[in-house]
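# Topology and contacts: notes
Okay, here's what each chain looks like letter by letter:
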Amino acid sequence: MFLKIHLYLVLLKLTLYSAGYYEMALEECIYSSSDYSDMVLITGWYFNKYLYTQFNSTVGEFVGFTEYGVRNAEFWNKNTALLQQARAEVDRFCKHNAQVSDPAVRDKTVKPDIKVSSVKESDGKHPAVLMCSAYNFYPQQIKVTWLKNNVPVTSDVTSTEEMADGDWYYQIHSHLEYTPKSGEKISCMVEHASSTKPMIVDWESSLPESERNKIVIGASALVLGTIIAAAGLIYYKKKSAGRILVPH
Ligand SMILES: *[C@@H]1O[C@H](CO)[C@@H](O)[C@H](O)[C@H]1NC(C)=O
């Protein structure tokens, strides 16, 4: 299946404007239901930024907004063939194209990358602030919940809106003000269309991530050093053992 081109292209006027003027037609197919029962087609004709004539499929007629736009709408409305064609466009153009593009875009989901981090350590007087971030998810709808020992927390929580990254993906951040208690497990739960079950990430309070990384790097270096030292020792022993076997 291929996308269909809109018939209104034939209505673009072949007028030569001197430099600096801009004539445009804007097509919008607006819908949210998956059966397209609420599909609306809005076609607007603009001179520079001013809308002068519009076709709204719910209204079913051309409507003018300037003196010229009103005359233009009356002229187009008198053309019954054109009017019929315009009314059919919501099915022929909008619904058809939505059927083609939805499986490629609207029905796709992408799982968020979830990270729980510490924004502010507790200083004894003020609570700590934790942040749960979900990155690079699609579609926009998402729910972020904080859990204390697996029980949802509602107080001391602030959340941003879902923010568009501008590349179809979204991000969101939720903050929790929290006074650390030993033995208490803090988790962030994310519910999103990309996963049938909630995604839960536990807050590892023991060490900040940078400290953990230093320990991991240090431990790896120690292991690697030990292996090299052991290999060197074995090589040296073999070498010296071989020397003894050489007859004089
Ligand atoms: C289209 O027309 C309907 C019915 O008058 C109206 O409710 C709707 O807001 C219009 N849409 C736009 C974008 O103007």
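Here the structure is a predicted model, which is why all the values come from computation and not from measurement.

Per the stated rule, a full pass over the model turns up 2 disulfides. Covalent S-S linkage joins Cys 29 and Cys 94, the inter-sulfur distance amounting to 2.2 Å. The S-S bond linking Cys 29 to Cys 94 shows a torsion near -75°; that makes this disulfide left-handed. On the criterion of sequence distance, the pair formed by Cys 29 in strand E1 (residues 23–30) and Cys 94 in helix H2 (residues 80–101) is long-range, its members being 65 residues apart.

Bringing the nonpolar core into the picture now. Soluble globular proteins: nonpolar side chains tend toward being buried together. Ranked by internal contacts, the top residues of the largest apolar core, which has 19 residues, are Trp 146 and Ile 186. Counting residues per element, the ones that place at least two in this core are strand E5 (113–120), strand E6 (128–137), strand E7 (142–148), strand E11 (170–178) and strand E12 (186–192). Ranked by size, the runner-up nonpolar core spans 9 residues in total, among them Trp 45, Tyr 52, Phe 62 and Trp 76.

With that settled, consider H2. Under the 1.5 Å per step criterion, the end-to-end length of H2 is 31 Å for 22 residues, consistent within 8% with the ideal 32 Å. Within H2, the axis deviates most sharply at Ala 88, by approximately 50°. What H2 keeps buried is the set Leu 82, Leu 83, Ala 86, Glu 89, Val 90, Phe 93, Cys 94, His 96, Asn 97 and Ala 98. Elements that come into contact with the buried residues of H2 comprise E1, strand E2 (40–47), strand E3 (50–56), strand E4 (61–64) and helix H1 (67–77).

What follows is about H1. Each α-helix winds once per 3.6 residues, and so residues spaced three or four apart point in a common direction. For H1, every residue scored as buried is listed here: Gly 69, Asn 72, Ala 73 and Trp 76. On an axial view of H1, the arc spanned by its buried residues comes to 100°, and they lie on one face. Among the exposed residues of H1, those pointing more than 90 degrees away from its buried face are Glu 67, Arg 71 and Phe 75. Looking at the buried residues of H1, the elements they touch are E2, E3, E4 and H2.

Judged by side-chain polarity, Tyr 22, Met 24 and Leu 26 come together as a nonpolar surface patch covering roughly 280 Å² of accessible area. Tracing the backbone through its elements, the reader meets Leu 26 in strand E1. The partly exposed category is assigned to Leu 26, whose relative accessible area is 33%.

Within the open sheet, the 4 strands sit side by side as E8-E7-E12-E13. Their pairing is antiparallel. Unpaired on one side and paired on the other, strand E8 (151–153) and strand E13 (199–202) mark the two borders of the sheet. Across the sheet, the axes of successive neighbouring strands diverge by a mean angle of 35°, strand direction being ignored. By the bridge criterion, 3 bridges tie E7 to E8 in an arrangement that is antiparallel. Counterpart to Leu 147 in the pairing with E8 is Pro 152.

Here we take up the sheet that holds E2. Taking strand neighbours across the sheet as the criterion, the 4 strands line up as E1-E2-E3-E4 in an open arrangement whose pairing is antiparallel. Both outer strands of the open sheet, E1 and E4, are each paired with one neighbouring strand and no more. Going across the sheet, the axis of each strand differs from the next one's by a mean of 20°, ignoring polarity. Where E2 lies against E3, 6 bridges are found, and the strand directions are antiparallel. Note that in E3 the partner of Tyr 46 across the bridge is Leu 51. Of the strands in this sheet, E2, E3 and E4 are in contact with H1, which crosses E4 at around 165°. Here H2 sits on the sheet in contact with E1, E2, E3 and E4, set at roughly 120° to E2.

The rules behind the values
The residue numbers shown here count from 1 along each chain, following its written sequence. Selection of residues for local features in this predicted model requires a pLDDT of at least 70, selection of side-chain atom pairs for listing and counting requires 80 or more, and totals for whole chains, interfaces and linings are taken over all residues. The side-chain figures draw on all heavy atoms in the structure; neither hydrogens nor water molecules are used. What counts as a disulfide here is a pair of cysteine sulfur atoms lying within 2.5 Å. In this text, helices come from DSSP runs of H or I with a minimum length of four residues, and strands from runs of E with a minimum of two, each type numbered from the N-terminal end. Definition used in this section: a nonpolar core is a set of buried Ala, Val, Leu, Ile, Met, Phe, Trp, Tyr and Cys residues joined via side-chain atoms within 4.5 Å. The rule is simple: take the accessible area with a 1.4 Å probe, protein chains only, and divide by the maximum for that residue type; under 20% is buried, over 50% is exposed, in between is partly exposed. Multiplying one less than the number of residues by 1.5 Å gives the expected span of a helix. Note that the bend at a residue is defined as the angle between axes fitted to the seven residues ending at it and the seven residues starting at it. Contacts are residue-level and defined by heavy atoms, with any inter-residue pair within 4.5 Å sufficient. The directions considered for the arc are those from the helix axis to the C-beta atoms. Each patch groups residues whose relative accessible area exceeds 30% and which form no salt bridge, using 9 Å between like charges and 5 Å between nonpolar side chains of Val, Leu, Ile, Met, Phe, Trp and Tyr. Accessible surface area values rest on a Shrake-Rupley calculation with a 1.4 Å probe, where residue burial reflects the displayed protein chains alone. Salt bridges are identified by distance alone: a Lys or Arg side-chain nitrogen within 4 Å of an Asp or Glu carboxyl oxygen. Here, a strand pair is defined by DSSP locating no fewer than two bridges between the strands. Axis angles are defined between N-to-C directions and span 0 to 180 degrees, where every axis is a line fitted to C-alpha atoms and, for a helix, only to the segment in contact.

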